[in-house]
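Close look at the chain arrangement
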Amino acid sequence: MNDPTPTGNPAIEAMSPDPSSGMLPGDAVAIDVRDLNHSFKNHQALHQVNFQVMPRSLHGFVGPNGAGKTTALKLICTLLQPQSGSVQVFGKDVLKDTKAVRQQIGFMPDHFSMYRQMTVTEYLDFFAAAYGLAVADRRTVIGDVLALTDMDGRADSPINGLSRGMQQRVGLARVLINDPDLLLLDEPASGLDPRARIELMEILRALRQMGKTIFISSHILSELAELCDSVTIIDRGRVKYTGRMRRLLEQNTESSMYRLTIAEPQERFEERLLGLDEVDSVTRVEETLEYRVTCSSQITSANVLLAAVLNLEVPLESFQKDLRHLNEAFMDLTEQGVR
Amino acid sequence: MMRGSLALFTRGLRVDCRRWPMHLLRFLLVGAFLFFLFVAWANSRLEIGTAPGLMFFSLISYTNFVFITLAGTSFFTSSITEEKEEQTLGLLKMAGVSAVGILLGKLGPRLINALLLLAIQYPFVQLAVTLGGILPRQIQATYITLAGYIVLMSGMGLFCSVVAARTRSAVALMHTIIWMPLLLQLLLWITRSSGGTGPLMQAAQDRVGWVSIWSVVGRLQSVMMIGFSGGAVGIQFYAHLVGGAAAFLLAWLCFERFTRQPHTPGPERGGRLLRVRGGLRLRALPMALFVVIPGLAIVFLAFSWFRGDLQNGFDSVPHEWVLWESIGLAALVPLGVLLVSVLSPGSRRGAIGGCWPGVLAPAWKDLNFVSGGAIGLAFRMTLYSLITAMLVFLIDFSGASWSWTTLGGWMLGIGILAGTMELASNIGRGFRTEIQWQTLPGLMLLPRSVAALGWSKVLGGILALIPVGIFTAIGASLFFTSVWESLSSPFDSSNPETAVFVMMIPLQMGLHLILFVELSAFFALTVRWGYVALAFISSFFLYVVGSWGMAMVMMIVGMRTRGGPGGALILSQLTTIVVLSTMIVVTYFGIGRKLRHLAGQS
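Since we're looking at a predicted model, the values are computed, not measured. (Residues numbered from 1 in each chain as written. Chains lettered and ligands numbered in written order. Predicted model: local features only at pLDDT ≥ 70, side-chain atom pairs only at ≥ 80, totals over all residues. Heavy atoms only, no water.)

1. Structural notes on the overall build of chain A
- Regarding its fold elements, chain A presents 12 helices and 14 strands.
- Taken across its 339 residues, chain A has 52% of its residues classed as buried.
- The contacts in chain A between residues at least 6 apart in sequence include a share of 69% that link residues at least 24 apart.
- Entry remark: accessible area of chain A is about 14,900 Å², with carbon and sulfur atoms responsible for 47%. (Helix = DSSP H or I, 4+ residues; strand = E, 2+ residues; numbered from the N terminus. Buried < 20%, exposed > 50% of the residue type's maximum accessible area, 1.4 Å probe, protein only. Contact = heavy atoms within 4.5 Å. Areas by Shrake-Rupley, 256 points an atom, 1.4 Å probe, with all protein chains shown as cover.)

2. Considering the overall build of chain B
- Along its length, chain B carries 25 helices and 0 strands.
- The 602 residues of chain B split such that 49% are buried.
- When contacts within chain B are restricted to residue pairs at least 6 apart in sequence, those whose partners lie at least 24 apart make up 80%.
- For chain B, the exposed surface amounts to about 28,600 Å²; the carbon and sulfur share of it is 73%.

3. Description of helix α2 (residues 69–76) of chain A
- Extensive coverage of α2(A) is indicated by the burial of 7 of its 8 residues.
- Directly after α2(A), the chain includes A:T78, whose backbone phi takes a positive value near 80°.

4. Examining the sheet that holds strand β8 (residues 213–217) of chain A
All names here are of chain A.
- Reading across from one edge, β6-β7-β8-β3-β9-β10 is the order of the 6 strands in this open sheet, with mixed pairing throughout. Of all strands in the sheet, those with a lone pairing partner are β6 (105–108) and β10 (238–244), marking the two edges. Strand-to-strand twist across the sheet, computed as the mean angle between neighbouring axes with direction ignored, equals 15°.
- Contacts from helix α6 (residues 164–176) reach β6 and β7 (182–186), with the element oriented near 160° to β6.
- Most of the contacts of helix α7 (residues 194–209) go to β8, to which it runs at about 150°, and overall it touches β3 (58–62), β7 and β8. (Pairing = 2+ DSSP bridges. Axes fitted to C-alpha atoms, helices over the stretch in contact; angles between N-to-C directions.)

5. Observations concerning the sheet that holds strand β12 (residues 279–284) of chain A
All names here are of chain A.
- With antiparallel pairing, 4 strands are arranged side by side in an open sheet as β12-β13-β11-β14. Each having just a single partner strand, β12 and β14 (316–321) make up the two edges of the open sheet. Averaged over all adjacent pairs, the angle separating strand axes in this sheet is 20°, with direction ignored.
- With 6 bridges connecting them, strand β11 (residues 256–262) and strand β13 (residues 290–295) associate as antiparallel partners.

6. Digging into the packing of helix α6 (residues 99–119) of chain B against helix α9 (residues 136–163) of chain B
Residue and element names in this part refer to chain B.
- The N-to-C vectors of α6 and α9 enclose an angle of 155°; their axes lie 10 Å apart at closest approach. Taken as axis vectors, α6 and α9 run roughly antiparallel relative to one another. Considering how the two elements wind past one another, α6 and α9 form a crossing that is right-handed. For the pair α6 and α9, the contacting residues are L103, L107, L111, A114, L115 and L118 in the first and Y143, L146, A147, I150, V151, S154, L158 and V162 in the second.
- Among the residues forming the contact of α6 with α9, the class breakdown is 13 nonpolar, 1 polar and no charged. (Parallel < 35°, antiparallel > 145°, perpendicular 65-115°, else oblique. Left-handed = near helix turned anticlockwise from the far one by under 90°. Nonpolar A, V, L, I, M, F, W, Y, C, P; charged D, E, K, R; others polar.)

7. A short note on the interface of chain A and chain B
- Between chain A and chain B, the contact holds 35 residues from the first and 42 residues from the second.
- The interface formed by chain A and chain B contains 10 residue pairs in polar contact (both at pLDDT 80 or more).
- Elements that contribute at least two residues to the side of chain A that touches chain B include exactly α3 (98–104), α4 (120–130) and α5 (135–148) of chain A.
- No other element matches α4(A), which puts 7 residues into the side of chain A that touches chain B.
- Per-class residue counts for the side of chain A that touches chain B are 16 nonpolar, 10 polar and 9 charged. (Polar contact = N/O pair within 3.5 Å; in protein donor to acceptor, adjacent residues only side chain to side chain.)

8. Some points on the packing of aromatic side chains
- Within the structure shown, the criterion is met by 23 aromatic pairs over all chains.
- Measuring from centroid to centroid gives 6.2 Å for B:F516 and B:F536, while their planes differ by 85°, and the two rings are edge-to-face. One end of the pair, B:F516, is in helix α23 (residues 496–524); the other, B:F536, is in helix α24 (residues 531–561), and 20 residues separate them in sequence.
- Joined through ring pairs, the aromatic side chains of A:Y115, A:Y123, A:F126 and A:F127 make up one cluster.
- The aromatic ring of B:F75 is capped on one face by B:R110, whose charged end is 5.6 Å from the ring centroid.
- Seen from the ring of B:F431, B:K457 lies directly overhead, with NZ or CZ sitting 5.8 Å from the centre. (Phe/Tyr/Trp six-rings, centres within 6.5 Å; stacked < 30°, edge-to-face > 60°. Lys NZ or Arg CZ within 6 Å of the ring centre and 35° of its normal.)

Right, here's the structure in full:
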């Protein structure tokens, strides 16, 4: 197992994923990117990029347009060669062990790159054959991936005639044909209708349960927040955050927020809350019995605050830490403007 | 209308200025002209010809003719199809640009570019007058002829571009239109010679000749004749001008009809094609050939034996039977493929396991989905059978003495030419479609080397040559005796230098063909259309400047140093072979590098 290397950025190091999470003895880190730089002519696409993805995790890769997401993905999947720094996939260097890396990955680009004149079966049969699967294995594998992506009813349909959502499923089936350990998905949900998007997310959840590591680049932050165990936020070629998703959503450098609801109206409840030492500000959510409490320091733990609130002897209905939405985290970490 | 048209026109000029293949073409043309000047100078030094100016100007004129013909089949034919392929034609219409505005805006820059390329030569070719053998009037007449030809080609190219859905189809249609008048002329000539109504047929043949590309050759031949006294503007110019205008008008009339639907092929179309293709399996072709060819051969031999024709050898067999055999083959191969497909078990479309395993998978894909699969192969078998039938008929009809060697020679020649063009087109298209459909990353991510992928695609292209391969092999076997004689005769001669020189010629030819195919693949990765034409021009340029020029230099050196050209010619051939081999290796690695680069970009 590889130890995390200092990135030079304490914030990133502090936020690095816990190597023990999701890892079994003998496991290598699924993706290990260290000091990665890449430029196109005069444009520095990636600058000292460092992050790790744990095996059997679902890792989101988020950033504005032109942040360098696709470049990083192409470097991981061996389509581009790193100019400096290193990229390892399950402990194998993408430059030295290209073929071995390719056997372990499945990359789905952000555009529909398909042989549209083929039928679904022909398309999958072609890739299965190209990966060297025997005919008998091909039958089993194609049947399995078609069932997983719920495309077995359209096996003989020409790809040209399929809807965008169905084509995306065929693309996913193709990625799974060589049974890769790591799936690299670049904007898999872009252009899909809500139903197709939800169904795609369900397939991804099923794949994670099957033990696949999934590295997904997406703009649909709400779904990523629900889906991903960890996330890397990249902006203008630099990593702004990498680590567990929950940590990002909890993270606020100056204050912590809690949401509490009381069972019945209380007189001067806001004032009483404000009177607590730990509380910095209180906001009532419209005319409801729900209050948002901001604590002045992160040192205040949930238990201390809860005990203080209970001491006020009010009928408490619910008490929970108020998480930031991923959109807010994203906006906080990334800069304005399009590259 | 004018504003939109002008905007398109300006954009077209700007885009052409930014396209490096356009500059490469101009560079090659200038390079060729400089080389012709050198040839004229060398000729005068060696006292080979008496009119170096005429020779210099003839070379330039015919090179222009070839360039315009190639441009007609690639440069003009993409004018509207490129908008269809980019799906921007609808946007232009929505912007309020009328049909004629679009046509003028798209054709205008290309026509201007082509005419400017011709115009810019005009002051420089006056040099031919000072070299001797040509008059300014002949130069004027030649350039007017070529200008008329450009207008005709541009009009026809535009029409094809409007009618066709893709540039590839437009190019195919353009070729059909170019060759149709020639075939019509041939048919009229045959009918007239067979006793048809003479004057009427002659008149019809002449009228067809006006729009035929050979009218340009005919006109150039008459202009180049010493003592030319005709007018600077011939009937060919007016005919081509009218032809070009008529084609433009036709394109205008057809525009709405053929551009109403968006370009993207709909599911129904794909479905229909797949159903037809799915019914004909690739494996059905060899099985059909296995049945049809021996069957026809047995019928042929049995009937000839029964008539007693075989007693005096094959030459005594009536060659009408070869004609009927070829026509029989043309008809029976597709029928055989269809029958085998229907009757053979397990030929269900979409059956898993049809694709060839491992590194051969891309070859299977290209053979089936780029080169036409079983349908394409059966079609080409029919085409080459019909060509054989036509050759037999023409040899017989022209009154030339019939021999298997003559037929074999024609088949061999046509086979090599068509095979090379087919291979270049197949491989080029194999690479081009990967870029067009953005499927290259998927292929490059397979756990194979780039070289293995490239060779697999080459194999796919080569396998599609089975019909032309059979045609060429039959031609070669018929021609074998004379080929063997021509190859072995230099060894009998007392001069070993000649024998070595003769041995090097096929090697050099083979290297040229390999380079041409490689260049087609390279340009397919580089330019969107016209890659075969560009490869052809580049190969032609390399051939002319590289080998011929080198030979001339060596000849001069040889004559000065040894008093004879023999050793110097061998040295020149050797140099050419080394240069060609180097270029083949460089292009090979260039293709690999380009593939990696494009996969990372897409």
